[in-house]
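Chain residues, written in single-letter form:
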Amino acid sequence: PNPNPNLNQNDHPQATLELSGTEAVESKVPTKGNNCLLHSLTYDGAPRGSDQSAASMRALREAIAATAVAYRDYDLNGKTLEGWVSATADMDLESWAADFVANDRMSDQIVLRIWPLFRGEPVWVWQPSRAGGYENHGVFRFGAPTGRKARHVLYRPTQLHYNALQVIKPAALERPAVRTTM
């Protein structure tokens with residue numbers, strides 16, 4: 001089942017869903033080691049934010065890199081994952097995987113595409129809205145709806161930082177998205 005049956009990302013990539021500040025809660029995560037997206041994706045509701053250690057972040061990076069290599073031929077909109085990594089990171093897949101693990105390479109676009117393959121969870125990336133809440137454009141939903149609960153992360157573009165976002169009123173995700181024009 002689609003977590004938002006009123007929106008099909010492929011049909012309306014410019015549709016926007018908004019949540020008020022009372023429908024979701026931002027949880028701050030550490031910035032150290034270019035791991036803020038990983039902390040946000042693994043956030044489990046702890047009151048003080050992500051409690052993942054440096055060692056667990058390294059293990060997570062290793063597992064994500066291994067998943068990328070295993071799914072190298074996976075099709076992403078007409079391009080293999082290997083080709084997409086090469087075009088995005090400007091290096092071959094094996095070099096990217098080694099660099100991602102050894103040097104804490106920032107690879108948010110790649111991680112967002114791999115996470116649904118790695119954990120079987122779609123990822124929705126939100127941004128702060130002008131109204132004080134959060135907005136999600138359909139194009140920022142990664143992975144097909146699987147029936148598993150989507151991971152929600154908040155990207156703060158002015159800080160180039162991700163935080164975890166907990167949707168506390170899930171019914172709000174069922175509202176029709178508003179189609180926007182660009």
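Please read these numbers as outputs of a predicted model, since none were measured by experiment. (Residues numbered from 1 in each chain as written. Predicted model: local features only at pLDDT ≥ 70, side-chain atom pairs only at ≥ 80, totals over all residues. Heavy atoms only, no water.)

### Here's the deal with the environment of Ala171
Stage number 1. Among the structural elements, Ala171 can be located in the loop between β9 (161-167) and β10 (178-179).
Stage number 2. Exposure remark for Ala171: the relative accessible area of 61% places this residue in the exposed category.
Stage number 3. C-alpha of Ala171 to C-alpha of Glu23: the two residues are 148 residues apart in sequence and 9.1 Å apart in space. (Helix = DSSP H or I, 4+ residues; strand = E, 2+ residues; numbered from the N terminus. Buried < 20%, exposed > 50% of the residue type's maximum accessible area, 1.4 Å probe, protein only.)

### Side note on the packing of helix α3 (residues 81-89) against helix α5 (residues 108-119)
Stage number 1. Contact pair α3 / α5: the axes reach a minimum separation of 10 Å and the direction vectors enclose 160°. By the angle class used here, α3 and α5 are roughly antiparallel. Crossing angle aside, the handedness with which α3 passes α5 is left-handed. Contacts from Leu81, Trp84, Val85, Thr88 and Ala89 of α3 reach α5 at Gln109, Ile110, Arg113, Ile114 and Leu117.
Stage number 2. For the contact of α3 with α5, the class distribution of residues is seven nonpolar, two polar and one charged. (Axes fitted to C-alpha atoms, helices over the stretch in contact; angles between N-to-C directions. Parallel < 35°, antiparallel > 145°, perpendicular 65-115°, else oblique. Left-handed = near helix turned anticlockwise from the far one by under 90°. Contact = heavy atoms within 4.5 Å. Nonpolar A, V, L, I, M, F, W, Y, C, P; charged D, E, K, R; others polar.)

### Some thoughts on the pairing of strand β6 (residues 134-137)
Stage number 1. Taking every second residue as pointing to the same face, both faces of β6 are buried, with Tyr134 and Asn136 on one and Glu135 and His137 on the other.
Stage number 2. In this structure, strand β1 (residues 15-19) lies alongside β6, joined through four bridges in antiparallel fashion. Residue Leu17 lies in a different strand from β6, and its bridge partner there is Asn136.
Stage number 3. Taken together, the two bridges between strand β5 (residues 123-128) and β6 define a ladder with antiparallel strand orientation. The residue of β6 that forms the bridge with Pro128 is Tyr134.
Stage number 4. Between β5 and β6, which pair antiparallel one after the other, the connecting turn spans five residues, and Gly132 there sits at a positive phi close to 95°. (Pairing = 2+ DSSP bridges.)

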